[in-house]
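A look at the structure
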Amino acid sequence: MPLAKRIIPCLDVDHGQVVKCINFQNPKSAGDPTEMAKRYSDDGADELVFLDITASSEKRDIMRKYVQEVAKTINIPFTVGGGIRSVADARLILCSGADKVSINTAAVENPHLITELADAFGRQCVVCAIDVKRNPTTTATSANTKNTINTPKGPVWFEVVTYGGRKPTGIDALTWATEAEKLGAGEFLITSMDKDGTKDGYDLELTRNISEHVNVPIIASGGAGEPKHLYDVFTEGKADAALAASIFHYNNYPIPKVKNYLHKMGVTIRQQ
């Protein structure tokens, strides 16, 4: 029997408030993280992701008190990211109630941090988040060697961006994912910056390309606007989990409704 697909609400937190952006810009308040986390846990979410979206760009530590408050209210696996730059940072977050840590900018700037975290806590605790933007060019850069390489997909390739989408890196996302897996990443959170907040569906090509080239679970993120989009990313995009925000935050499609739809469509999911 195939592994169950996971439904994961995401809390993008900016200084204590859950916000929702479009293409990583113009954040609008969506609610209190603790209250929203409890609702999602009660509604049957499989996991929860909490991202302190300005910690890296502001070069500050993650706001642990909000992590602790959320952890106390839920009984599902809990991933936390934002501003984690060392094993010590990760240990603090895990001791605050998180089950997994997500690293993005710090991993790109110091790839061996992935290995250090995997050695310290086990690779199952290490989620490598990759924010990606389509870029109309034909060459890319390897994350470790900084050598120009051929891209895997024609004239449009997928560029890794860091610092909350503020800094293009010149690194090809597929190359980086392959390297990060070798370094010890236990899971990938792939977010399309182009699709983020648009509600017109995930970037299926991006998700599928990475899923077909790595051997660890893929969480797809960016663009969910209706239940069919989750079905598409599970089937065409070959994702193992679907992360979403807008459709859950504003109660357009509550988690039970999404799960019922997916079940009727033949997707193996975890029932509440």
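Look a little higher up for the structure.
These notes cover the structure that comes with them. (Residues numbered from 1 in each chain as written. Predicted model: local features only at pLDDT ≥ 70, side-chain atom pairs only at ≥ 80, totals over all residues. Heavy atoms only, no water.)

Observations regarding the packing of aromatic side chains
Counting across every chain of the model gives two aromatic pairs. Each ring, one from F50 and one from F78, has its centre 6.3 Å from the other, and the planes form 85°; the classification is edge-to-face. With a gap of 28 residues between them, F50 in strand β4 (residues 48–52) and F78 in strand β5 (residues 78–81) connect regions that are remote in the sequence. Here F50 and F78 have matching classes, each one buried. (Phe/Tyr/Trp six-rings, centres within 6.5 Å; stacked < 30°, edge-to-face > 60°. Helix = DSSP H or I, 4+ residues; strand = E, 2+ residues; numbered from the N terminus. Buried < 20%, exposed > 50% of the residue type's maximum accessible area, 1.4 Å probe, protein only.)

What to know about the pattern of salt bridges
For the structure on display, the rule yields 12 salt bridges. When the shortest N-O distance is used, the salt bridge between D42 and K38 registers 2.8 Å. Of this pair, D42 and K38 both sit in helix α1 (residues 33–43), separated by four residues, roughly a single helical turn. Its relative accessible area of 43% is what places D42 among the partly exposed residues. Overall, the relative accessible area of 42% leaves K38 in the partly exposed class. (Salt bridge = Lys/Arg side-chain N within 4 Å of Asp/Glu carboxyl O.)

Thoughts on the environment of A242
One can find A242 in strand β14 (residues 241–244). Judged by its relative accessible area of 0%, A242 is buried. Between the alpha carbons of A242 and A224 there is a distance of 8.6 Å; along the sequence they are 18 residues apart. In contact with A242, other than residues within four places in its own chain, are R6, I7, I8, Y202, A220, L230, V233 and F234. (Contact = heavy atoms within 4.5 Å.)

Focus: helix α5 (residues 112–121)
All buried positions along α5 are accounted for by L113, I114, L117, A118 and F121. End-on view of α5: buried residues confined to an arc of 135°, all on one side of the axis. Contact partners of the buried residues in α5: α3 (87–95), β6 (100–103), α4 (105–109), β7 (126–135) and α6 (173–183). One or two positions beyond α5, positive phi appears at G122, with a value near 95°. (Arc of directions from axis to C-beta.)

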